[in-house]
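# Observations on chain architecture
So the chains spell out like this:
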Amino acid sequence: MSAASKANAAAAKSGGAAKSSGAVAKGSAAKHSTDIASFGKVAVLFGGASNEREISIMSGTGVLKALLSKGVDAHAFDPS
């Protein structure tokens, strides 16, 4: 298991989020309006052939649902 996978697993058990050098603290993201139509079609890639397939499917499905709920023309893509 990779170091990132271990960090994410530990965070999931504790109910927290894994720390990353590129992470933005909750609530600190800049607020701005975005024209949803400007995204065009969005592919959400998840699954694949790896030991982490089930986790990828769960997180990818969550991302897909969130995008669709905001009106983005999002489509699922599982290369397996």
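The coordinates are above.
Bear in mind that the values here come from a model prediction, so they are computed numbers and not experimental data.

Here we take up the overall build of the protein chain. When helices and strands are counted, the protein chain shows two helices and two strands. Overall, the protein chain shows an N-to-C arrangement of helices and strands of α-β-α-β. Within the protein chain, the fraction of its 80 residues that count as buried is 12%. Here the contacts in the protein chain between residues at least 6 apart in sequence split such that 59% fall between residues at least 24 apart. Surface exposure of the protein chain reaches about 6300 Å², of which carbon and sulfur atoms provide 60%.

Relative to strand 2 (residues 73–77), strand 1 (residues 41–45) is paired through five bridges, and the arrangement is parallel. Looking across to strand 2, one finds that Val44 is bridged to Ala76. Crossover connection from strand 1 via helix 2 (residues 53–69) to parallel strand 2: handedness right-handed.

A few words on the environment of Lys65. Summarising the element assignment, Lys65 is placed in helix 2. C-alpha separation for the pair Lys65 and Ala76, spaced 11 residues apart in sequence, amounts to 9.9 Å.

The next thing to look at is helix 2. When the terminal C-alpha atoms of helix 2 are compared, their 24 Å separation across 17 residues agrees well with the 24 Å that a helix rising 1.5 Å per residue should span. Residue Gly71 follows helix 2 closely and has a positive phi angle near 90°.

Bringing the pattern of salt bridges into the picture now. Taken as a whole and judged by the stated rule, the model has one salt bridge. Note that Asp78 is salt-bridged to Arg53, the shortest N-O span being 2.8 Å. Here the residue Asp78 occupies a position in the segment after strand 2, and Arg53 occupies one in helix 2, the gap between them amounting to 25 residues. The class of Arg53 is partly exposed, set by a relative accessible area of 25%.

About the cut-offs
- Residues numbered from 1 in each chain as written.
- Predicted model: local features only at pLDDT ≥ 70, side-chain atom pairs only at ≥ 80, totals over all residues.
- Heavy atoms only, no water.
- Helix = DSSP H or I, 4+ residues; strand = E, 2+ residues; numbered from the N terminus.
- Buried < 20%, exposed > 50% of the residue type's maximum accessible area, 1.4 Å probe, protein only.
- Contact = heavy atoms within 4.5 Å.
- Areas by Shrake-Rupley, 256 points an atom, 1.4 Å probe, with all protein chains shown as cover.
- Pairing = 2+ DSSP bridges.
- Right-handed = clockwise from strand over helix to strand, strands pointing away.
- Expected span 1.5 Å × (residues − 1).
- Salt bridge = Lys/Arg side-chain N within 4 Å of Asp/Glu carboxyl O.

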